[in-house]
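Summary of structural features
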Amino acid sequence: MDIPQPTTPPIGLVDGSQESSSRRIHVVLEDDALVQLDELLAIPTTLPGGQEVVHFGIVTELFSRLEGADLPSDTARVADRILPAEHVRRAEVTLLRVFPETFVAPNAGSAVHRSDGDLRALALFEDQMDAKLPIGLDMGGRPVHADMRFVDGRAGGHVSISGVSGVATKTSYALFLLYQLLETDAGIDLLGGRTERNRTRALVFNTKGEDLLHIDRANSRWDEHPDAPDQWATLGTDDPAPFQSVSLYAPRLESQSGSVIADIHSRNRNEVHPYGWTPEDFIRQQLLQFCFTAEDERNTQVGLVEQHVRIELLRRVRRLQNDTTGAVVLLKHSPADAGYNPDRLAGREPDQAPGSAGTIIRSFEHLIDHLVAMSDADEETQNEWFGRSAMGTRGAFIRRLAKLRRRIGRLVSTGVTPVDLENGRIHVVDISRLHDDAQRFVVGALLDKVWADKQGVGRLPLRFVVLDELNKYAPRQGFSPLKELLVDIAERGRSLGVLLIGAQQAASAVNPALPRNAALKVAGRLDAGESDAYKFLSPTLRERATRFMPGTMVVAQPVVPEPVPIRFPWPPYATNPDEAKDAGTATVATDIIEKLAGQAQPDSDDGMPF
């Protein structure tokens, strides 16, 4: 490849008064040159022997001083023209690349140019990207790309987004990436065309308010941002629109009538699917393990009791005869030939049994009541259900399970349907109103299903998972089945096509395996006390990140050796109910449905037997 030559006049010279290195140089700027942080520069250099190379760098700091003024008080003398001095501006430049690859420092005194056109593409290693996904705009408004091989799992995968809550725009950037992948022509081509795009699925967990339950609607504040259309056009999207093919899910509204409607207030409930699991789903998908995800629950023997109970449920479960609602019968005695392999038991289609064969389970409360009864039964029955655990351990297991009666109860009952990823490309699951225990249960249950479905089927079709507050589900300390699952996805997910777009306020609070395995590391505004934890940022950039405005991020990717600050345009889709353009007509039927459903029940632990 021929070496492109700069087409713009020099903006300065490599400073000869300081040593230049192969990593960092200083540039003395021309008097009329306006250079800002993050600009990309090119330095053509002739090596001994006549070989031509070009160094590429990014401006990481700017300096200004009066040359000739040795003391602070000399500044006034220079201003009064008593002391001769000259105003000098310098730029600190971190070198990104030498083309062709030669590990040398640029010559002192070499002319420095802006990197435009082909030079800019070389500076950002775009010549080495077979497939380029636009991931934002640089500070000059030009597109910045990521190598798609590090997004779709071929060479790497996962995205880690960090920043202070409320101003770092973590969730907004995660949605922007999803939009680039699933809604733009460039993303569709990179996914392999519309057919492959339509097979791709995204699972988005809504953790705050009902914000993400409106991404299929136009943004009412779009006209307040007149520069947004041009920014989207620069990224290759001439007609941005809301997300298409979106399925929305919310937990079932708690009611006395037993009706199954979604617990949502900012749009019509008939637009949102109420989700949950039947008792058969709960037992056969082994979801009991995700009821015990608090940090302290795996430091005791309660985990062993949970495993024993989970297997015993699988051994005894039968479908209720002539029932289609998901109710089950737990046999009075487990079959002697049933075995104890949980995965084999879970894969078996249960036979039908009449209600007289055992205990009918139609809800989470029924299941808890049955286990409480078993814990008070004779010693032989206790050993069958709970193993030979101590009485105190069995009591602790029942107490903790009983606490979940109100927190998880509405998620497990007959008549509900699970989240079905075949209903659309993007599936937004609301967990914002659930207790922390229930949030971990839902996240664990859905991720476990996605993970299980991808085993043995290859990388395609891709599954993207957007999850905020990762520190809640995979904290740095402790152990839980959910944390173990997330770490497994981080370490093996890219090869199976399960790609995590995770966000957290502080990367230091998350298990290190998650940010370590992320190919794209993104940071918005950082907390000053946490900024030292982001080793992929230079000290100068870490300090700058504490002052980022909302919408400004810095992206590190494997191909480019230095992080690059970016911005992303105002979204054409609503990111909260206030931005939803047609939200005013969306909740007309809500009051009527609430009256039909009966009054909501408070979330309390009243009535606990322990």
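Residues numbered from 1 in each chain as written. Predicted model: local features only at pLDDT ≥ 70, side-chain atom pairs only at ≥ 80, totals over all residues. Heavy atoms only, no water.

Moving on to the packing of helix α13 (residues 436-454) against helix α15 (residues 481-496). For the pair α13 and α15, interaxial distance at closest approach is 11 Å and the crossing angle is 30°. In terms of axis orientation, α13 runs roughly parallel to α15. For α13 against α15, the interelement crossing comes out left-handed. Side by side, α13 and α15 meet where Arg440, Val443, Gly444, Leu447, Asp448, Trp451 and Lys454 of the first sit next to Leu482, Leu485, Leu486, Asp488, Ile489, Arg492, Gly493 and Leu496 of the second. A class-by-class count of the residues in the contact of α13 with α15 yields 8 nonpolar, 2 polar and 5 charged. (Axes fitted to C-alpha atoms, helices over the stretch in contact; angles between N-to-C directions. Helix = DSSP H or I, 4+ residues; strand = E, 2+ residues; numbered from the N terminus. Parallel < 35°, antiparallel > 145°, perpendicular 65-115°, else oblique. Left-handed = near helix turned anticlockwise from the far one by under 90°. Contact = heavy atoms within 4.5 Å. Nonpolar A, V, L, I, M, F, W, Y, C, P; charged D, E, K, R; others polar.)

With that out of the way, let us pick up the side chain of arginine 284. Here arginine 284 lies in helix α7 (residues 279-284). Assessed through its relative accessible area of 18%, arginine 284 is described here as buried. At 3.1 Å, the side chain of arginine 284 forms a polar contact with the backbone oxygen of arginine 348. Beyond its immediate sequence surroundings of up to four residues, arginine 284 is in contact with Leu314, Arg319, Ala346, Gly347, Arg348, Glu349 and Pro350. (Buried < 20%, exposed > 50% of the residue type's maximum accessible area, 1.4 Å probe, protein only. Polar contact = N/O pair within 3.5 Å; in protein donor to acceptor, adjacent residues only side chain to side chain.)

Before going further, it helps to spend a moment on the domain arrangement of the protein chain. Domain boundaries in the protein chain define domain 1 (10-124), domain 2 (155-262 + 424-579) and domain 3 (279-409). One C-alpha centre belongs to domain 2, the other to domain 3, and the line joining them spans 35 Å. Contacts between the two partners involve 17 residues from domain 2 and, on the opposite side, 15 residues from domain 3. Summing the contributions of domain 2 and of domain 3, the shared interface buries around 1,500 Å²; its carbon and sulfur component is 63%. Across the contact surface, domain 2 and domain 3 share 1 salt bridge. As a salt-bridge pair, aspartate 437 and arginine 407 come within 2.7 Å of each other at their nearest N and O atoms. At the junction of domain 2 with domain 3, the criterion picks out 3 residue pairs in polar contact (both at pLDDT 80 or more). Those elements giving two or more residues to the side of domain 2 that touches domain 3 turn out to be α13 and α15. At 8 residues, the largest contribution of residues to the side of domain 2 that touches domain 3 is made by α13. (Domains from an automatic or database assignment. Buried area = accessible area lost by both parts, 1.4 Å probe. Salt bridge = Lys/Arg side-chain N within 4 Å of Asp/Glu carboxyl O.)

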